[in-house]
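Listed below, chain by chain, are the residues.
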Amino acid sequence: MTAFDDWRARSPYYDETHEALAQSVRRFVSREIAPHIDRWEAEGELPRELHKKASDAGILGLRYPEQYGGHSEGFDNFHGLVLTEELAAVGAGGLGASLMTHGIGLPPILALGSDELKQRVAPPVLAGYKIIALGITEAGGGSDVANLKTTAVRDGGSYIVNGGKMFITSGMRADWLTCAVRTGGPGAAGISLLLIEMDAPGVERTRLDKMGWRCSDTAAIHFGDVRVPAENLIGPENGGFIGIMRNFNSERLGMAMGCCAYARVAMAEAAEWAQSRETFGKPLVGHQSIRIKLADMERQIEATQAWVDLCAWQVKEGKDRPADFAMLKVQATRMLESVAREAAQILGGASYITGSKVERIYREVRVNAIGGGSEEIMLDLAGRQLFGGGKK
């Protein structure tokens, strides 16, 4: 049986610094997360103090600028992949989604925001004192980002925001929301990004229950004449769409890595079960059909991981292209679905009882396949970029 992290030791992309980080994060997960994850799943959210503990452990600030309290010197995007892998060890996707929600909420500010906005927001987020979320999706829009309906109308030194956002990760606990709004005409050219204080008058939140990612709080958010200071504009007015798009590539790479990590967790649990469970007078793994299932699971994981690492290298070398991230996300989510299914088959009835990691991971397949861009949207995006045929 392949060890949980043995693949890194056989890869040209990882060295002793990546392994040192893995060991550090593994100790944190074992001490601060594993003993509590089942309770947090039942409660439907993570405790706020976990963010502070993760900051103290160097997790929240990994690969963020030192000037804002991050740790960037000597770290590359492969260190980020290692972090994703190790947080997946408990088999609960909501952990990474909610604890690391600043990974999608903060980058647009650091890339496009004013110096004052960066200094006001980034340090407390990276220190674990404040939680920031990203608000893009709307109830009637989904992946059709360019046609979002939430409006922000300039009124003196403020914007007045009306509308709503749906399926917002960390939406119930967030202190700030990096929010896409319409400040101009139709289409992508009329979209801006605003930082909204979530305790502002007129902000209403409703908790959403979910099939998976249960320890990650998810919200529907309504804005009714919410007044937002103009200095909370992120980047130029009507220039927010590029900030949204540049965020998607890193989000999709991270999701693909998460799929590989959770697939390994599912495979490991299935292999352990197959080695200990006896049927017809011999261990389950003694049956050829079970060995074939396990080997095929490993084949799919290794192939997908190779593509994840290649895309990460291309980012590092400035040779990346959006179509690759879109196709990679589809590859990774379909791989996870296949591996989770086969792991459930190996565990049999045990996979249908709450308590196994496979049961939890299987429930979380769909959120990976839909979140960050559905399979259909991803393949159409890649097709248009590679072969043409889209709108002129």
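A quick note: this is a predicted structure, and the numbers were derived from the prediction, not measured. (Residues numbered from 1 in each chain as written. Predicted model: local features only at pLDDT ≥ 70, side-chain atom pairs only at ≥ 80, totals over all residues. Heavy atoms only, no water.)

Chemist: Describe the overall build of the protein chain, naming the residues involved and giving the relevant values.
Modeler: From N to C terminus, the protein chain includes 15 helices and 10 strands. A globule of 392 residues ought to have a C-alpha radius of gyration of about 21 Å, and the protein chain, at 21 Å, matches this closely. Nonlocal contacts in the protein chain, meaning residues at least 24 apart in sequence, comprise 74% of its contacts between residues at least 6 apart. Taken as a whole, the protein chain presents about 17,100 Å² of accessible surface, with 54% of it coming from carbon and sulfur. (Helix = DSSP H or I, 4+ residues; strand = E, 2+ residues; numbered from the N terminus. Rg over C-alpha atoms; globule rule 2.2 N^0.38 Å. Contact = heavy atoms within 4.5 Å. Areas by Shrake-Rupley, 256 points an atom, 1.4 Å probe, with all protein chains shown as cover.)

Chemist: Describe in detail the side chain of serine 158, supporting the description with residues and values.
Modeler: Along the polypeptide, serine 158 turns up in strand E3 (residues 158-169). Its relative accessible area of 12% is what places serine 158 among the buried residues. Sequence-distant contacts of serine 158, defined by excluding residues within four places in its chain, comprise Val153, Arg227, Val228, Pro229 and Ala230. (Buried < 20%, exposed > 50% of the residue type's maximum accessible area, 1.4 Å probe, protein only.)

Chemist: If you had to explain the pattern of salt bridges to someone new, which residues and values would you point to?
Modeler: Inspection of the entire model under this criterion finds 27 salt bridges. Between arginine 10 and glutamate 302 there is a salt bridge, and its shortest N-O distance comes to 3.7 Å. In this pair, arginine 10 is assigned in the loop between helix H1 (6-9) and helix H2 (16-33) and glutamate 302 in helix H11 (residues 288-317), connecting sequence segments 292 residues apart. Ionic pairing is found between arginine 341 and glutamate 342, a salt bridge with its closest N-O pair at 2.6 Å. Overlapping salt bridges bring together Arg8, Glu19, Arg26 and Glu86 as one network. (Salt bridge = Lys/Arg side-chain N within 4 Å of Asp/Glu carboxyl O.)

Chemist: Describe the packing of aromatic side chains, and please don't skip the residues or the numbers.
Modeler: Counted according to the given criterion, the structure contains three aromatic pairs. On the basis of an interplanar angle of 15° and a centroid distance of 5.1 Å, the ring pair of tyrosine 13 and phenylalanine 78 is categorised as stacked. Here the residue tyrosine 13 occupies a position in the loop between H1 and H2, and phenylalanine 78 occupies one in helix H5 (residues 77-87), the gap between them amounting to 65 residues. Overall, tyrosine 13 belongs to the partly exposed group, its relative accessible area being 26%. An angle of 80° between the planes, with centres 5.4 Å apart, marks the rings of tyrosine 14 and phenylalanine 78 as edge-to-face. Of the two residues, tyrosine 14 is situated in the loop between H1 and H2 and phenylalanine 78 in helix H5; the sequence distance between them amounts to 64 residues. Pair check on accessibility: tyrosine 14 and phenylalanine 78 agree, each one buried. (Phe/Tyr/Trp six-rings, centres within 6.5 Å; stacked < 30°, edge-to-face > 60°.)

Chemist: Kindly report on the environment of cysteine 259, identifying the contributing residues and their values.
Modeler: Inspection of the secondary structure puts cysteine 259 in helix H10 (residues 241-276). For the pair cysteine 259 and leucine 336, spaced 77 residues apart in sequence, the C-alpha to C-alpha distance is 5.7 Å. Among all residues touching cysteine 259, those that are not within four sequence positions of it are Ala332, Thr333, Met335, Leu336 and Asn368.

Chemist: Outline the packing of H5 against H11, supporting the account with residue identities and numerical values.
Modeler: Interaxial distance between H5 and H11 falls to 9 Å at its minimum, and their mutual angle equals 145°. Two secondary-structure elements touch here, H5 through Asn77, Phe78 and Leu81 and H11 through Val308, Asp309, Ala312, Trp313, Val315 and Lys316. Considering only residue class, the contact of H5 with H11 consists of six nonpolar, one polar and two charged. (Axes fitted to C-alpha atoms, helices over the stretch in contact; angles between N-to-C directions. Nonpolar A, V, L, I, M, F, W, Y, C, P; charged D, E, K, R; others polar.)

Chemist: Run through the pairing of strand E4 (residues 176-182), naming residues and quoting values.
Modeler: Among the seven residues that make up E4, seven are buried, leaving the element largely enclosed by the rest of the structure. Both faces of E4 are covered, namely the face carrying Trp176, Thr178, Ala180 and Arg182 and the face carrying Leu177, Cys179 and Val181. Two strands pair when backbone bridges link them, and strand E1 (residues 132-135) and E4 are joined in this way by four bridges, in the parallel orientation. Directly across from glycine 135, in E4, lies its bridge partner cysteine 179. (Pairing = 2+ DSSP bridges.)

Chemist: Describe the side chain of serine 170, naming the residues involved and giving the relevant values.
Modeler: Positionally, serine 170 belongs in the loop between E3 and E4. Excluding residues that lie within four positions of it along the chain, serine 170 makes contacts with Ser98, Thr101, Ile131, Ala133, Ser216 and Asp217.

Chemist: Residues and numbers for the state of the cysteines, please.
Modeler: This structure, assessed with the given rule, holds zero disulfides. Of all cysteine sulfurs, the one in cysteine 260 lies closest to cysteine 259, which takes part in no disulfide; the gap is 7.1 Å. A relative accessible area of 1% means that cysteine 259 is categorised as buried. (Disulfide = S-S within 2.5 Å.)

Chemist: Give me the lowdown on the packing of H2 against H5, citing residues and values where you can.
Modeler: The contact between H2 and H5 brings their axes to 9 Å, and the two run at 30°. The angle between H2 and H5 places the two elements in the roughly parallel class. For H2 against H5, the interelement crossing comes out right-handed. For the pair H2 and H5, contact is made by Thr17, His18, Leu21, Ala22, Val25, Arg26, Val29 and Ile33 and by Phe78, His79, Val82, Leu83, Glu86 and Leu87, respectively. (Parallel < 35°, antiparallel > 145°, perpendicular 65-115°, else oblique. Left-handed = near helix turned anticlockwise from the far one by under 90°.)

Chemist: An account of the nonpolar core is needed here, citing residue identities and associated values.
Modeler: Ile33, Leu95 and Leu294 are the most contacted members of the largest nonpolar core, which totals 63 residues. Per-element tally for this core: the top contributor is H10, with 14 residues. Ranked by size, the runner-up nonpolar core spans 23 residues in total, among them Ala122, Ile132, Trp176 and Leu193. (Core = buried A, V, L, I, M, F, W, Y, C linked by side-chain atoms within 4.5 Å.)

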